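Here's the letter readout for the chains.
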Amino acid sequence: ARLVVLVSGSGTNLQALLDAVDADPEGFGARVVAVGADRDGIAGLERAERAGLPTFVCKVKDHRTREEWDHALTEATAAYDPDLVVSAGFMKIVGKEFLARFGGRIVNTHPALLPSFPGAHGVRDALAYGAKITGCTVHFVDDGVDTGPIIAQGAVEVTEEDTPDGAAALHERIKEVERRLLVDVVRRLAWHGYRIEGRKVHVGE
Ligand code: GRF
């Protein structure tokens, strides 16, 4: 399967996918063919360049309207003919055109146990709420924010050491689980195929 990965930051989820492909090119069943971002100067793009991958950047502020940005992102992604688009820390909500083109084939990873704590601050919100267990969710993207059908989740305990201003440390612990979860999900979807029935994801049946 051909993967296009979208990033906005450090790209450690992207790196986990790249490492999984390197470790077992045949067995992984998928390979990253390009990496896209919504901004320049991020480690995620450096990781892609180090891996010799083509990259593209679509900045909202370079377009007159959000729809034009969505169109540019759609075209840039479509140029690599992906079987699966992986949003790995991509911090923009894709629009109607992107969803029309790739809907049902866009996987997102979120650092909280959806439907709890959706949005851009899931780790901080779980901590502030006093959750005892949080974690990460890999799901298909639909037209909502972090609302698509869930594929897999991983739990992470919030401990006494996780002080209210300690979201970054908790997020790093979540990311350790998240990277493994994402690699496993992409491998299974690529190898076994899947179908989505309402909110239920059937892998390999
Ligand atoms: C991940 O935890 C992702 O769920 C969240 O931001 C983080 C991105 O990390 N949206 P990285 O860029 O993959 O290192």
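Definitions and limits used
Residues numbered from 1 in each chain as written. Predicted model: local features only at pLDDT ≥ 70, side-chain atom pairs only at ≥ 80, totals over all residues. Heavy atoms only, no water. UniProt positions renumbered as here; feature names shortened; annotations may be inferred. Helix = DSSP H or I, 4+ residues; strand = E, 2+ residues; numbered from the N terminus. Contact = heavy atoms within 4.5 Å. Pairing = 2+ DSSP bridges. Core = buried A, V, L, I, M, F, W, Y, C linked by side-chain atoms within 4.5 Å. Buried < 20%, exposed > 50% of the residue type's maximum accessible area, 1.4 Å probe, protein only. Phe/Tyr/Trp six-rings, centres within 6.5 Å; stacked < 30°, edge-to-face > 60°. Near = heavy atom within 4 Å. Polar contact = N/O pair within 3.5 Å; in protein donor to acceptor, adjacent residues only side chain to side chain. Nonpolar A, V, L, I, M, F, W, Y, C, P; charged D, E, K, R; others polar.

- By the naming in an unreviewed UniProt entry, the protein is Phosphoribosylglycinamide formyltransferase, taken from Streptomyces chengmaiensis.
- Comment text from UniProt for the protein, heading Sequence similarities (unreviewed entry), reads "Belongs to the GART family."
- Quoted verbatim from the Pathway (unreviewed entry) field of the UniProt record, the comment on the protein reads "Purine metabolism; IMP biosynthesis via de novo pathway; N(2)-formyl-N(1)-(5-phospho-D-ribosyl)glycinamide from N(1)-(5-phospho-D-ribosyl)glycinamide (10-formyl THF route): step 1/1."

1. Side note on the UniProt feature "domain: Formyl transferase N-terminal" (unreviewed entry) in the protein
- Residues annotated by UniProt as "domain: Formyl transferase N-terminal" (unreviewed entry) correspond here to residues 2-186.
- In the segment residues 2-186, helix accounts for 39% and strand for 22%; the C-alpha atoms at its two ends are 11 Å apart.

2. As for the environment of Gly193
- Within the fold, Gly193 resides in the loop between α7 (167-192) and β8 (194-197).
- Between the C-alpha atoms of Gly193 and Glu75, which are 118 residues apart in sequence, the distance is 25 Å.
- Ignoring any residue separated from it by four or fewer positions in sequence, one finds Gly193 in contact with Arg188, His202, Val203 and Gly204.

3. Some remarks on the pairing of strand β9 (residues 200-203)
- Across 4 bridges, the pairing between β8 and β9 is antiparallel. Looking at the pairing, Tyr194 lines up with Val203 of β9.
- In this antiparallel pair of consecutive strands, β8 and β9, the connection spans 2 residues, and Gly198 shows a positive phi of 65 degrees.

4. Quick word on the nonpolar core
- The biggest cluster of nonpolar side chains holds 43 residues, and the ones touching the most others in it are Leu17 and Val32.
- Top contributing element to this core by residue count: α7, with 10 residues.
- Dropping the residues within four chain positions of it, Val32 is found in contact with Leu3, Val5, Leu14, Leu17, Leu18 and Leu53.
- Among the nonpolar cores identified, the runner-up in size contains 19 residues, and Leu6, Ala76, Phe98 and Ile106 belong to it.

5. Regarding the packing of aromatic side chains
- One pass over the structure, following the stated rule, counts 5 aromatic pairs.
- Ring geometry for Phe98 versus Phe102: centroids 4.9 Å apart, planes at 55 degrees, classification tilted. Taken as a pair, Phe98 and Phe102 lie in helix α5 (residues 96-102) at a separation of 4 residues, close to a single helical turn. Summarising the burial analysis for this pair, Phe98 and Phe102 share the class buried.

6. Focus: the UniProt feature "binding site: N(1)-(5-phospho-beta-D-ribosyl)glycinamide" (unreviewed entry) in the protein
- Under the UniProt annotation, "binding site: N(1)-(5-phospho-beta-D-ribosyl)glycinamide" (unreviewed entry) lies at Gly11, Thr12 and Asn13.
- Along the chain, Gly11 falls in the loop between β1 (2-7) and α1 (12-23).
- When residues no more than four places from it in sequence are discounted, the contact partners of Gly11 are Gly44 and Arg47.
- Inspection of the secondary structure assignment puts Thr12 in helix α1.
- Setting aside residues no more than four positions away along its own chain, Thr12 makes contact with Arg47, Lys175 and Arg179.

7. Thoughts on the site of the ligand
- Close to the ligand lie 13 residues; Ser10, Gly11, Thr12, His171 and Glu178 are nearest.
- At 2.7 Å from an oxygen atom of the ligand is found a side-chain nitrogen or oxygen belonging to His171.
- Sorting the residues of the shell around the ligand by element identifies α1, β5 (106-110) and α7 as the ones contributing at least two each.
- For the shell around the ligand, the element with the most residues is α7, which contributes 3 residues.
- When grouped by side-chain class, the residues that make up the shell around the ligand number 2 nonpolar, 9 polar and 2 charged.

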